[in-house]
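# Structure assessment
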Amino acid sequence: METIYGNLQGLKPSQLKQLGRLYHQRLPVDCLTTPEFAQRLAAISTEIGQPVCTYLNRRGQVIRVGVGSPRQTQIPPLELPRYGAGRLSGIRCIATTLKSSPPSEASLTAMAIQRLDALVVLTLTGSGFERRGGGATGYVKETYLAHLIPQMPQDIESSASENLDIFWQVSPPVSLDTLVTQDFLDLVEGLEAELQSQFVAREVDADQDLVLIVGLMTDDLTPEQFEDQLVELARLVDTAGGKVVQTVRQKRPRPHPQTVVGTGKVQEIALAAQTAGANLIVFDRDLSPAQVRNLEIQIGVRVVDRTEVILDIFAQRAQSAAGKLQVELAQLEYTLPRLTGRGQAMSRLGGGIGTRGPGETKLETERRAISRRIARLQQEVNQLRAHRNRMRQRRQKQEVATVAIVGYTNAGKSTLLNALTNAEVYTADQLFATLDPTTRRVVIADAQTGQPMPILLTDTVGFIHELPPTLMDAFRATLEEVTEADALLHVVDLSHPAWQSQIRSVTEILRSMPIAPGPALIVFNKIDQVDGETLRLAQEEFPLGVYISANLRIGLETLRHRLAQLIDYAVSSG
Ligand SMILES: Nc1nc2c(ncn2[C@@H]2O[C@H](COP(=O)(O)OP(=O)(O)OP(=O)(O)O)[C@@H](O)[C@H]2O)c(=O)[nH]1
Ligand SMILES: [Mg+2]
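Anyway, here's the lowdown on the structure attached to this text. Small disclaimer: the values here were computed from a predicted structure and weren't measured. (Residues numbered from 1 in each chain as written. Chains lettered and ligands numbered in written order. Predicted model: local features only at pLDDT ≥ 70, side-chain atom pairs only at ≥ 80, totals over all residues. Heavy atoms only, no water.)

Once that is clear, we can look at the overall build of the chain. A count of helices and strands for the chain gives 20 helices and 19 strands. Looking at the chain as a whole, 52% of its 574 residues qualify as buried. In the form shown here, the chain has an accessible surface area of approximately 26,100 Å², with 50% of it arising from carbon and sulfur atoms. (Helix = DSSP H or I, 4+ residues; strand = E, 2+ residues; numbered from the N terminus. Buried < 20%, exposed > 50% of the residue type's maximum accessible area, 1.4 Å probe, protein only. Areas by Shrake-Rupley, 256 points an atom, 1.4 Å probe, with all protein chains shown as cover.)

Let us now look at the sheet that holds strand β18 (residues 520-525). Think of a sheet as strands paired side by side through backbone hydrogen bonds, with each pair either parallel or antiparallel. Overall, mixed pairing links the 6 strands, which are arranged β15-β16-β14-β17-β18-β19 in an open sheet. Each edge of the sheet is formed by a strand with only one pairing partner; in this case those strands are β15 (438-445) and β19 (546-547). Contacts from helix α18 (residues 499-511) reach β14 (401-407), β17 (487-493) and β18 within the one sheet, and its direction differs from that of β17 by about 155°. (Pairing = 2+ DSSP bridges. Contact = heavy atoms within 4.5 Å. Axes fitted to C-alpha atoms, helices over the stretch in contact; angles between N-to-C directions.)

Side chains of residues three or four places apart in an α-helix project in the same direction, reflecting 3.6 residues per turn. Restricting attention to buried positions, one finds in helix α1 (residues 13-21) the residues Q15, Q18, L19 and G20. Packing partners of the buried residues in α1 comprise β1 (4-6), α2 (35-48), β2 (52-57) and β3 (62-67).

The element helix α15 (residues 413-421) is extensively covered by neighbouring structure, given that 8 of its 9 residues are classed as buried. Among the residues making up α15, those that are buried are K413, S414, L416, L417, N418, A419, L420 and T421. A positive phi of about 55° marks N422, the residue just after α15.

A few words now on the sheet that holds strand β11 (residues 243-251). The sheet built from 4 strands is open, its strands ordered β11-β10-β12-β13 with parallel pairing. The two strands at the open ends of the sheet, each matched to only one other strand, are β11 and β13 (302-304). The mean inter-strand angle of the sheet, taken between neighbouring strand axes irrespective of direction, is 25°. With 4 bridges connecting them, strand β10 (residues 210-217) and strand β12 (residues 280-283) associate as parallel partners. Its bridge partner lying in β12, V211 is registered against L280. The strands touched by helix α8 (residues 223-239) within the sheet are β10, β11 and β12, with β10 carrying the most contacts at an inclination of about 160°. Sitting on the sheet, helix α9 (residues 263-276) is in contact with β10, β11 and β12, with an inclination near 165° to β11.

Shown next as structure tokens:
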């Protein structure tokens, strides 16, 4: 027997049989509905005292019958036969309601999420009768016809999601006789032509992911921390090459175990993604494979977490063989437990953030092949580490002091390295501009003797709060430079509003390293962008800090001097 969806509690076998029989009905292709079908539906709904929904395809076949509202019986987007920005799903819903009011916002939202061809809502008279020749009559009181209205991109940007009315249109109540005269094909063909032109208009910059960010404010976060993290996530998305089209926030004591956000919020996200044309949802926290699966089924758009965005940036950025190797390793380690989660169904949701990098083609291959590859990569990474070790030992033999430049991403570490050494390391107003550690020689004056003293300065990967453990591992090589260094320069972007918490993040990571790093000199950068108030505050809190502007080359003399003192102290004490 065919599946009846929704709440079947208390239904008699004969009633279930009547519902099941709806699957055998077939409507002419150019009709929204026939009077007979509508009356039959209304008759069953009246008898069981519950709303009933039927879903029909364009060939006039009933593909789903459910007891409950359109919201309760909706088809998960990934189970729809076709789903994409340029068209409707090819499915319409004919529903009954026990109220005599127009379709509710929840019903219309469900229509939008499924991109239904149309939603027909029938109100009931409460009674009717069976004709002698078969067929019910008199059960339908009035009808409403609702459908989506294609939006031009500029409308969406200006109206955001506050005014949902503009996304759909609902007819005034009309009689069933009037409704059945509506030519269904005319309606959907007109709508699809408009959708198509809207789609083409949007496709102009199609190689950019349109991203919807979801932030969950849990009890462990202050409002400021929460907003800072969202800003950082938006920057990560931007760095990965995506465009943030909307941000959805929810406040909850803790994440929902299945879907992170609550059920209603998932609907809101699905609708927002629909209307804003987003093709990627990015969550501000790490998601379990099951959560990703649940969310993707309900939203119908690819869902990734913060770690995946960071991995994607690393994949795009890594230049050296070593860097590429480590990114692939990290991606595979991240992918392996999630392999079953991303099945065939998702492949039609397309590429973009989270799908790039050397690991991409491996996604389809077997788990075992991936495990083997991980083992091999791990081995290569170990060899690489041994090689680095030899290099380092050679350096140590030369007895040249080494200094690692550390700090939060985008603090200006590479700019400082360039300024101090006249090197040409890639700098950019992006997160994670540097992925491969670069070491340069620089000569400063010895603090004791004033004699020229060569030192080695190493630029490192920027830190970020909650650096994913897979990445911590993969970038061990970079971090090793940190633990091996005689001393550290901790660069802080003083012009960043969250500079204090960034200092805390960095010191926390340094503290958690297996080998304690050497002494650090804290260097406040970008003072050209800082007001006097902030500068005074920082100087009060960090009297031993050095204040510079790396790109305007302000304060570098003092920095060299203090660096020499630091090395003197580090070498004599360690
Ligand atoms: N206004 C101002 N901007 C600066 C200064 N120093 C660096 N910047 C800018 O800050 C941005 C980041 O600089 P980078 O040197 O790439 O930063 P980083 O710390 O190496 O960043 P990652 O490698 O991404 O971790 C660039 O746009 C620089 O031009 C400064 O003293 N003042
Ligand atoms: Mg850098």
